[in-house]
Amino acid sequence: MKRAEIISTLAELGGWLRNLTAVELDTICQCAAAENGWFTPDNVKFALDGISQWLTQEKLVAWADRYPWSHTPQSVGVAMAGNIPLVGFHDLLCILCAGHQAVVKPSSQDSFLVRHLIDRLIQIRPEIQNRIQLAENLKRVDAVIATGSDNTARTFEYYFRN
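Bear in mind that the values here come from a model prediction, so they are computed numbers and not experimental data.

What counts as what
Residues numbered from 1 in each chain as written. Predicted model: local features only at pLDDT ≥ 70, side-chain atom pairs only at ≥ 80, totals over all residues. Heavy atoms only, no water. Core = buried A, V, L, I, M, F, W, Y, C linked by side-chain atoms within 4.5 Å. Buried < 20%, exposed > 50% of the residue type's maximum accessible area, 1.4 Å probe, protein only. Helix = DSSP H or I, 4+ residues; strand = E, 2+ residues; numbered from the N terminus. Contact = heavy atoms within 4.5 Å. Pairing = 2+ DSSP bridges. Axes fitted to C-alpha atoms, helices over the stretch in contact; angles between N-to-C directions. Expected span 1.5 Å × (residues − 1). Arc of directions from axis to C-beta.

1. Describing the nonpolar core
Logical step 1: Formed by 38 residues in total, the largest nonpolar core has its most connected members in Leu10, Leu17, Leu55, Phe89, Leu92 and Val104.
Logical step 2: Of all the secondary structure elements, the ones that give two or more residues to this core are helix H1 (3-18), helix H2 (22-35), helix H3 (41-54), helix H4 (57-64), strand E1 (75-79), helix H5 (89-97), strand E2 (101-105) and helix H6 (111-124).
Logical step 3: With residues up to four places along the chain from it excluded, the contact list for Val104 reads Val78, Met80, Leu92, Val114, Ile118, Ile132, Gln133, Leu134 and Ala135.
Logical step 4: Membership of the second largest hydrophobic core comes to 5 residues, among which are Val103, Ala135, Leu138 and Val141.

2. Comments concerning the sheet that holds strand E4 (residues 143-146)
Logical step 1: Read from one edge to the other, the open sheet built from 4 strands follows the order E3-E2-E1-E4, with strand pairing classed as parallel. Across the chains shown, the open sheet's two edge strands, defined by having one partner strand only, are strand E3 (132-134) and E4. Between one strand axis and the next, the sheet turns by 25° as a mean value, whatever way the strands run.
Logical step 2: Relative to E3, E2 is paired through 3 bridges, and the arrangement is parallel.

3. Points about H3
Logical step 1: An ideal rise of 1.5 Å per residue puts 20 Å on 14 residues; H3 measures up with 20 Å between its terminal C-alpha atoms.
Logical step 2: If you check which residues of H3 are buried, you get Val44, Ala47, Leu48, Ile51 and Ser52. Seen end-on, H3 carries its buried residues on one side only, within an arc spanning 130°. With respect to the buried face of H3, the exposed residues turned more than 90 degrees away are Asp42 and Phe46.
Logical step 3: Buried-residue contacts for H3 involve H1, H2, H5 and H6.

Put into structure tokens, the structure is as follows:
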């Protein structure tokens, strides 16, 4: 896939998010809250609205054009946190817009929302599934993105020690 195709797909996801019906939005919020009791409907709606505002053709092109596109894609693992709804989505966005393959390990506390948006991306443009892989571990990747605390850093040092 070319950057323009990825951006177009992400922009379409943004349009879908901006046009969710009240019933669709409530269902998404209920599913997220069932997985993580700290995810209130207001938190989930705030996250979805914020993401939808980034995902326009104009904003994505203006942002992505400032960064190089990789003609030799790497597999980039992303260990997504689960403390805020969709907190790892920006990492996924960066990986895709840089031309790499995302290997996503969703948090057990926020897997529904992440998987839901990835599934929607695949529905929009099925070939994007060649750029996104869901994984239980990140052992076979070229690079890793992980966010968190010093405790997270210690965990990853242990995880990748060999």
